[in-house]
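# Reading the structure
Each chain is listed here by its residues.
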Amino acid sequence: MKLYITTPSPFARKVRIVAREKGLTDRIEEIAVDPYANAPELLATNPVVQVPTLIAEDGLPLTDSPVICEYLDAIGAGARLLPAEGAERLRVKRLETLANAALEMGVKLVLEKRRPEHERSPSWMERWTFNMGRALDALEAAAPDAEDFNMGVLSAGIVVSWISFRHPDYDWKAGRPHLVALQAALEQRPSFQATAPV
């Protein structure tokens, strides 16, 4: 399998962590690409030129991190990170979705800050910042626990680490002790240490 990534991408990091947790690294070739330069090998498999993109074992391109993670979870070793069905699956998916929402707001802020200053929208940046904070508050209220390691908990840990990396001036830790403890615990895992954003 081939996995197209950028090392700063939190969505790619999630897939890379799942690959490590599920014992799949020897079956996946990680290929760093520049999506903003329309990397030809990425463009050939993903029409919107985004990472992560996985070329599955049967050659099918998978282009969304939750889809890729669910595929890897199904084919990898060990306990499932995403329950197959029922209320527990919905609980885990809710956490994953909240974490992805916070990441999406944070990515929008990063991209907006890359625009020339006269083209930036202060009102949208304010809205995205508030939305990111509200998603983090919802994650905090859910009290994710590193001992209950699943796709939602994994995703919550990724988002706060990525915000520290990309938005160092944003104080996500204030009033969020569960997320602070979660980050500290998860960053000790070998899969997290091996995929730290650079």
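To be clear, the structure that these remarks concern was listed above.
These remarks concern the structure in this document. Quick caveat, the model's predicted, so the values are computed rather than measured. (Residues numbered from 1 in each chain as written. Predicted model: local features only at pLDDT ≥ 70, side-chain atom pairs only at ≥ 80, totals over all residues. Heavy atoms only, no water.)

### Section: empty space enclosed by the protein
Inspection of every chain in the model, using the stated rule, returns one cavity of 30 Å³ or more. Within this model, the largest cavity holds a volume of roughly 40 Å³. Considering the residues around the largest cavity, the lining is formed by T7, P8, S9, P10, R13, I158, S161, W162 and P197. Elements with a minimum of two residues in the lining of the largest cavity: α1 (10–21) and α6 (151–166). Per-element accounting of the lining of the largest cavity gives the leading share, three residues, to α6. Looking at the lining of the largest cavity residue by residue, the classes come out as five nonpolar, three polar and one charged. (1 Å grid on protein atoms, 1.4 Å probe; cavity = no way out; pocket = protein on both sides within 12 Å on 5 of 7 lines; lining within 4 Å. Points joined across faces, edges and corners; volume = space filled by probe spheres on them. Helix = DSSP H or I, 4+ residues; strand = E, 2+ residues; numbered from the N terminus. Nonpolar A, V, L, I, M, F, W, Y, C, P; charged D, E, K, R; others polar.)

### Details of unusual backbone geometry
For the bond from V51 to P52, the omega torsion is 0°, close enough to zero to count as cis. If you trace the backbone, P52 turns up in the loop between α2 (40–43) and β3 (53–55). Despite not being glycine, N38 shows a phi value in the positive range, around 50°. Along the polypeptide, N38 turns up in the loop between β2 (29–32) and α2. Note on N38: relative accessible area 43%, which makes it partly exposed. With a phi angle near 50°, A143 is a residue other than glycine that sits in the positive phi range. When you line up the elements, A143 lands in the loop between α5 (122–142) and α6. Overall, the relative accessible area of 31% leaves A143 in the partly exposed class. (Buried < 20%, exposed > 50% of the residue type's maximum accessible area, 1.4 Å probe, protein only.)

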